[in-house]
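The lines below spell out each chain.
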Amino acid sequence: MTSKRFEPRRLLASAVAAVGAVALVVAPTTPAAASTIRDGWVQLCPWGNYRVHLEYVDLYGRTVQLGPVLSPGADCWWGPIPTGSESTLIWVIGHFNTSSDTFAVIGPNRNYETFYNGVDGIGIAAEGTTASGGRKDAHYYRY
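A.B. asks: Talk me through the packing of aromatic side chains; I want residue IDs and the actual numbers.
C.D. replies: With the rule as written, the count across this model stands at four aromatic pairs. Arranged with centres 4.7 Å apart and planes meeting at 40°, the rings of F96 and F103 form a pair that is tilted. Of the residues examined, F103 reaches a relative accessible area of 3% and is grouped as buried. Relative to Y143, the ring of Y141 lies with its centre 5.9 Å away and its plane at 55°, an arrangement referred to as tilted. Through a chain of ring-to-ring contacts, the aromatic side chains of W47, Y141 and Y143 assemble into a single cluster.

A.B. asks: Tell me about the pairing of strand β1 (residues 41-46), and name the residues and values.
C.D. replies: Across the six residues of β1, five count as buried, placing the element largely inside the fold. Pairing geometry for β1 and strand β4 (residues 77-80), over four bridges, is antiparallel. By the bridge assignment for β4, V42 is matched with G79. Judged from the five bridges that link them, β1 and strand β8 (residues 122-128) form a sheet pairing that is parallel. Paired with V42 across the bridge in β8 is I122.

A.B. asks: An account of unusual backbone geometry is requested, with residue identities and associated values reported.
C.D. replies: A positive phi angle, near 60°, is found at N109, a position not held by glycine. For N109, the position within the fold is in the loop between β6 (102-104) and β7 (113-116). Positive phi, close to 65°, is recorded for R110, a residue that is not glycine. Among the secondary structure elements, R110 is positioned in the loop between β6 and β7.

A.B. asks: Which residues make up the nonpolar core, and what values go with them?
C.D. replies: Formed by 21 residues in total, the largest nonpolar core has its most connected members in V42, L54, V92 and I124. Among the elements of the structure, β1, β2 (51-57), β3 (63-70), β5 (88-95), β8 and β9 (138-142) are those that each provide at least two residues to this core. In this view, V92 contacts V52, H53, L54, F103, A104, V105, Y112, I124, A126 and Y140; residues no more than four positions away in its chain are not counted. One finds C45, C76, A125 and Y143 within the second-largest nonpolar core, a separate group that totals five residues.

A.B. asks: I'd like a rundown of the pattern of salt bridges, residues and numbers included.
C.D. replies: Summed over the entire model, instances satisfying the criterion amount to one salt bridge. Notably, a salt bridge pairs R62 with D58, separated by 2.7 Å at the nearest N-O pair. The class of D58 is buried, set by a relative accessible area of 11%.

A.B. asks: Break down the environment of P80 for me, citing the residues and quoting the values.
C.D. replies: With respect to the secondary-structure elements, P80 resides in strand β4. C-alpha of P80 to C-alpha of Q43: the two residues are 37 residues apart in sequence and 8.9 Å apart in space. Leave out the neighbours within four places in its chain, and P80 touches G40, W41 and L66.

A.B. asks: Hey, could you go over the sheet that holds β8 for me, with residue numbers and the actual values?
C.D. replies: If you walk across this open sheet you meet the four strands as β4-β1-β8-β9, and the pairing is mixed. Each edge of the open sheet carries a strand with a single partner, namely β4 and β9. In this sheet, neighbouring strand axes are inclined to one another by 20° on average, regardless of whether the strands run parallel or antiparallel.

Criteria and thresholds
Going along each chain's sequence as written, the residues are numbered from 1 onward. Note on the predicted model: pLDDT of at least 70 is required for a residue's local features to be given, and 80 or more for side-chain atom pairs to be given and counted; whole-chain, interface and lining totals, by contrast, use all residues. Excluding hydrogens and water, the side-chain values take into account all heavy atoms of the structure. In summary, the pairing rule links any two rings of Phe, Tyr or Trp, Trp by its six-membered ring, whose centres are within 6.5 Å, and it sorts them by plane angle into stacked for under 30 degrees, edge-to-face for over 60 and tilted for everything else. For each residue, the accessible area found with a 1.4 Å probe, counting protein chains only, is set against the maximum for its type, and the residue is called buried under 20%, exposed over 50%, and partly exposed in between. Helix and strand assignments come from DSSP, with helices taken as H or I runs of at least 4 residues and strands as E runs of at least 2, each series counted from the N terminus. Any two strands with at least two DSSP bridges between them are considered paired. Among buried residues, the Ala, Val, Leu, Ile, Met, Phe, Trp, Tyr and Cys ones that are joined through side-chain atoms within 4.5 Å form a nonpolar core. By the convention used here, residues are in contact when the closest approach between their heavy atoms is within 4.5 Å. Here, a salt bridge means any side-chain nitrogen of Lys or Arg that lies within 4 Å of a carboxyl oxygen of Asp or Glu. Working convention: axes come from line fits to C-alpha atoms, limited for helices to the stretch in contact. Angles between N-to-C directions cover 0 to 180 degrees.

Here it is as structure tokens:
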């Protein structure tokens, strides 16, 4: 009679569970394809030379921080947008390297805010530098 701890199916299930648990904890350093970002979630990748975070308008009309402040080169962060299925505006906020001041990072079409439809997943990558006060050299794109 074989011991249950040596059954191939049980060993395979344990290995799959362990790999799955690690996959949930480790964030990728490269962005996910937009279609793989979970509905209602956002991904932020800090690829510039400055710290960065997101802000959004909550259901009460307040602008609040979404997620942590990420350091340059850190792993991408994923998290839910807590507006349910309601649309909102999102801003990418950069942090200067030489002071505690922040600045709005410019995005596609020269807009500082990006519209989130409240349904799909959204990816944002912040790039560039804080040169020229962050206004000319820092930018983000959506994916």
